[in-house]
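Each chain, letter by letter, is given below.
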Amino acid sequence: MSFFDNKKLLKIFVPVFWVSALILAAVSIFITLRILVNILPAEQTDTDRRRYHIVVAGSRNCSYSLSKILEGAISVQDDFDCIVEEYKGTDEFSELSGDENLQLRLDYVRFVKADGLILYLCDEDIPVPEIRGADGTKIPVVLIGSSNTDSSAISFIGANKYEIGKIAAKEIFSRNARRNLLVIAEHTERLTEDGTTISSMSQSFKQYGSKVEMSFLDISPILSENNPGVDEQISRAITSLNPDSIFCFSADYTVLAAQAVLSQNKNGITEIIGLYDNEEARDYLKKGIVSSLITVDFYGIGKKAVAEIFNWKEDGFANSYVNIDIEVIR
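In this report, we go over the structure that sits alongside the text. Predicted model only: the values in this text are computed from it and were never measured.

1. Details of the side chain of Thr295
At step 1: Mapping Thr295 onto the fold places it in strand S12 (residues 292-296).
At step 2: Of the polar contacts made by the side chain of Thr295, one reaches the side chain of Asp277; its length is 2.7 Å.
At step 3: For Thr295, the contacting residues outside a window of four places in its chain are Tyr276, Asp277, Asp325, Ile326, Glu327 and Ile329.

Laid out in structure tokens, this is it:
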């Protein structure tokens, strides 16, 4: 008698066969689906659905201002059918300083085939070269914070540095005509635009008939055996010069100056006026340690930067220089 003639065995075998077949089929389907998931494109993202891709990159040490620029740019995504992405790189907190770090960002823009770059660059000594895609098409760059004429940007957006100097002088002079002023900046002898602000301040003081003695702390960010950290450099300068007022060329310097004034029990004696703002600087302003902050609408700058890119794309030109309104927060 053959196996197939044995009814008892068939009753046992048939169910087992079908169960095994179903299990094998299920496993095969599962494996096939896993393979397809890896091969087929994922569900469409905003980048896939939108027509254009704009990258925002900038100095991580000015993260607050950069975040506002990004927010402003994102707010007009729908208007221009674009997705706005912030470049962070491998190190989210890396600073944009030096040609090498700048090149990393430009290479990324080429790699993702972006349709435009909004670049917040504070170092005026670094020119931004022209960017072209793999097909030779020019990728437009809107430069914020620097107006280096050697840069191949379609538009420069920022505040008028001469006007900033006039406003700073007015703020300093209005506070009991302070006579001894400490200016904190990085490499003041090299930064042309900072020099414009300082020159404007000096001229304004003369117009007010005030003889303000200006001292300068040329911050060196390079830490070495003979060169202390930035916080210590600021603290030592305040101790030795004992200024009536301090003008800081960045929000970070404003914060460090406020901390030094507090630690030296000079709050209420030494006025601090800061250029640009961040959350900490605003906090010290609320506490009365910082007297005022001179800043600009970075959110509005982000919106304007996107508009300039698409003006250039549609008409072949953009506004070369865009001045942004200056705001004083007290």
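2. Some thoughts on helix H11 (residues 298-315)
At step 1: Counted at 1.5 Å a residue, the expected span for H11 with its 18 residues is 26 Å, and the 25 Å between its end C-alpha atoms agrees.
At step 2: Along H11, the residues classified as buried are Phe298, Ile301, Gly302, Ala305, Val306, Ala307, Glu308, Ile309, Phe310 and Trp312.
At step 3: Between the side-chain oxygen at the start of H11 and the backbone nitrogen of Tyr299 there is a gap of 3.3 Å, and the oxygen is on Asp297.
At step 4: Where H11 terminates, the next one or two residues include Gly316, which has phi positive at roughly 85 degrees.

3. A closer look at the pairing of strand S3 (residues 116-120)
At step 1: In terms of burial, S3 is a largely internal element, five of the five residues being buried.
At step 2: Of the two faces of S3, both are covered, the one formed by Gly116, Ile118 and Tyr120 as well as the one formed by Leu117 and Leu119.
At step 3: Relative to S3, strand S1 (residues 52-58) runs parallel, the two being bridged by five bridges. Bridge pairing in S3 places Ala57 opposite Leu119.
At step 4: Both S3 and strand S6 (residues 141-144) contribute to a ladder of four bridges, which runs parallel. Across the sheet, residue Leu117 finds its bridge partner in S6, namely Val141.

4. As for the nonpolar core
At step 1: Among the nonpolar cores identified, the biggest contains 47 residues, and Ile118, Leu181 and Phe247 are the most heavily contacted of them.
At step 2: No other element matches the seven residues that H11 contributes to this core.
At step 3: Excluding residues that lie within four positions of it along the chain, Phe247 makes contacts with Ala168, Ile172, Leu181, Leu182, Val183, Ile184, Met201, Ile273, Leu275 and Ile294.

5. Quick notes on the sheet that holds S6
Each strand in a sheet pairs with another by means of backbone hydrogen bonds, the pair being arranged parallel or else antiparallel.
At step 1: With parallel pairing, six strands are arranged side by side in an open sheet as S2-S1-S3-S6-S7-S13. Where the open sheet ends on each side, the last strands, each with one partner, are strand S2 (82-86) and strand S13 (321-323). Direction aside, neighbouring strands of the sheet carry axes that sit 20 degrees apart on average.
At step 2: Both S6 and strand S7 (residues 155-158) contribute to a ladder of three bridges, which runs parallel. Residue pairing for S7: Leu143 is matched across the bridge by Phe156.
At step 3: Sitting on the sheet, H11 is in contact with S1, S2, S3, S6, S7 and S13, with an inclination near 145 degrees to S3.

How each quantity is defined
Residues numbered from 1 in each chain as written. Predicted model: local features only at pLDDT ≥ 70, side-chain atom pairs only at ≥ 80, totals over all residues. Heavy atoms only, no water. Helix = DSSP H or I, 4+ residues; strand = E, 2+ residues; numbered from the N terminus. Polar contact = N/O pair within 3.5 Å; in protein donor to acceptor, adjacent residues only side chain to side chain. Contact = heavy atoms within 4.5 Å. Expected span 1.5 Å × (residues − 1). Buried < 20%, exposed > 50% of the residue type's maximum accessible area, 1.4 Å probe, protein only. Pairing = 2+ DSSP bridges. Core = buried A, V, L, I, M, F, W, Y, C linked by side-chain atoms within 4.5 Å. Axes fitted to C-alpha atoms, helices over the stretch in contact; angles between N-to-C directions.

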